[in-house]
Amino acid sequence: MSPRLHVLAASFWREWHRELRRQAGDERLPYQVRTHLRRSADRALRRSAVEEQRGVVPRWNRRTIAGAAPIRLPPDDEQRGRRLAAECGVVPGQPMVAVEIQRRADRLSGAIDLLSAEGFRIVRIGDPVAGPLRGPGVLDLASNPRRTPLLDTYLLLASAFVVCSSAELQQTALMGHTPSLRIDARDAFTAYPVRRDGVFTLSTVVDLDTGRALAIRDLLAEGYFHNTRNYGYRPTNAAEITEAAREMVEGVRAGWRDSEAQIRFRRAVADAGVAMGHVRHVAEWDGASGFIGDGRLARVQADRAL
């Protein structure tokens, strides 16, 4: 049966469950009949869950992506991108870090100071909604009228690494084999880097009913995915972003090394994914195969994760 047919079957069994529950609530019916209807409704609900799971189509295959060749711009597009970058102020040959941030650009001030001191030019791309990015060595192109999708792609592929907030830019960096630091992720399964040169940080998740901040290990439990509407998210703080940027600099210059805490966390995510293969979100992001990726949670967070 095709995934679409499984989705239709899941919808049918959900509606049948609702109808049976409605009938079971009719007190005019004999007690035994109502009991039978409730049991039938429970079976319909379980059948719906099974069909829904069978209808999930993973958005990608992590193992296939890990071994894929990098994407490259066609030669003509690469020349146009290089020319446009130069016209916007990018100095050819200078080591560069592309930055895309969606919330509070001021959090990157310490990271910018670090990257500038290490000789990198920081080029801001993406949506300017988070406010201007300021600091030594910064070229903010987010609001530049000359900026185009081609320019963004060229800058990303030409960078030593990228700092990003969105899954889309993280995935583009992955396909181009550009090392990436994803910040403010909301769960490990969506954001876990497939390639070894990927690092990510997690937002702090807050239960809106109690005000309690969830520990990172709580984000690997099934209960976290049952009521995500009940959570708020605090972005990664400035100090952690700076330390994660330092880890990226070390990685691109000296090679990618895992701490013991990062190794433990990778194993924990992979094991949790296998155990939660029936959870739609985990299955959609191919988190149930036992291979989650070769990247890592930023060392500054991994040290307190488990």
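In case you missed it, the structure is sitting above this.
Q: Sorry, what's going on with the sheet that holds strand β5 (residues 180-185) here?
A: Backbone hydrogen bonds are what pair the strands of a sheet, in a parallel or an antiparallel way. Judged by pairing direction, the sheet is parallel, and its 7 strands sit side by side in the order β3-β2-β1-β4-β5-β6-β9 without closing on themselves. What marks the edges here is a single partner per strand, and that holds for β3 (138-140) and β9 (296-297). Here 3 bridges tie strand β2 (residues 121-124) to β3, and the two strands are oriented parallel to one another. Following the sheet pairing, valine 123 is matched in β3 by leucine 139. Against the sheet, helix α9 (residues 238-254) touches β4 (161-164), β5, β6 (198-202) and β9, its axis set at about 160° to β5.

Q: Looking at this structure, how should I read the pairing of β2?
A: Look at any regular strand and the pattern is simple: side chains alternate between the two faces of the sheet. Here β2 shows a buried face lined by Arg121 and Val123 and a second buried face lined by Ile122 and Arg124. Handedness of the crossover joining strand β1 (residues 96-99) and β2 through helix α5 (residues 109-117): right-handed.

Q: Where do I start with α5 in this structure?
A: Every α-helical turn comprises 3.6 residues, leaving residues that sit three or four positions apart pointing alike. Taken as a whole, α5 has its buried residues at Ala111, Ile112, Leu114 and Leu115. What you see down the axis of α5 is that its buried residues fit within an arc of 165°, all on one side. Looking at the buried residues of α5, the elements they touch are β1, β2, β3, β4 and α9.

Q: Teacher, can you tell me more about the packing of aromatic side chains here?
A: Geometrically, a pair of aromatic rings is defined through the distance of the ring centres and the angle of the planes. Tallying each qualifying case throughout the model produces 5 aromatic pairs. Taken together, the aromatic side chains of Phe189, Tyr224, Phe225 and Tyr231 make up a single cluster linked through ring pairs. The side chain of arginine 186 reaches across the aromatic face of tyrosine 233, ending 4.0 Å from its centre.

Q: Looking at this structure, I do not really get the side chain of arginine 182. What am I missing?
A: Structurally, the position occupied by arginine 182 is in strand β5. For the buried residue arginine 182, which engages in no salt bridge, the nearest side chain bearing the opposite charge is aspartate 187, 7.0 Å off. A distance of 2.9 Å separates the side chain of arginine 182 from the side chain of glutamine 170, its partner in a polar contact. Beyond its immediate stretch of four places on either side in the chain, arginine 182 contacts Cys164, Ser165, Ser166, Ala167, Gln170, Ala191, Val199, Phe200 and Thr201.

Q: When you look at the packing of α5 against α9 in this model, what are you seeing that I'm missing?
A: Each pair of packed helices can be summarised by the angle the axes make with each other and by the distance between the axes. Closest axis-to-axis distance for the α5/α9 pair is 8 Å, and the angle between their directions is 25°. Relative to α9, the element α5 lies roughly parallel. Between α5 and α9 the crossing geometry is right-handed. Across from Gly110, Ala111, Leu114 and Leu115 in α5, the residues of α9 making contact are Ile241, Thr242, Ala245, Arg246 and Val249.

The rules we used
Residues numbered from 1 in each chain as written. Predicted model: local features only at pLDDT ≥ 70, side-chain atom pairs only at ≥ 80, totals over all residues. Heavy atoms only, no water. Pairing = 2+ DSSP bridges. Helix = DSSP H or I, 4+ residues; strand = E, 2+ residues; numbered from the N terminus. Contact = heavy atoms within 4.5 Å. Axes fitted to C-alpha atoms, helices over the stretch in contact; angles between N-to-C directions. Buried < 20%, exposed > 50% of the residue type's maximum accessible area, 1.4 Å probe, protein only. Right-handed = clockwise from strand over helix to strand, strands pointing away. Arc of directions from axis to C-beta. Phe/Tyr/Trp six-rings, centres within 6.5 Å; stacked < 30°, edge-to-face > 60°. Lys NZ or Arg CZ within 6 Å of the ring centre and 35° of its normal. Lys, Arg positive; Asp, Glu negative; His and termini not counted. Salt bridge = Lys/Arg side-chain N within 4 Å of Asp/Glu carboxyl O. Polar contact = N/O pair within 3.5 Å; in protein donor to acceptor, adjacent residues only side chain to side chain. Parallel < 35°, antiparallel > 145°, perpendicular 65-115°, else oblique. Left-handed = near helix turned anticlockwise from the far one by under 90°.

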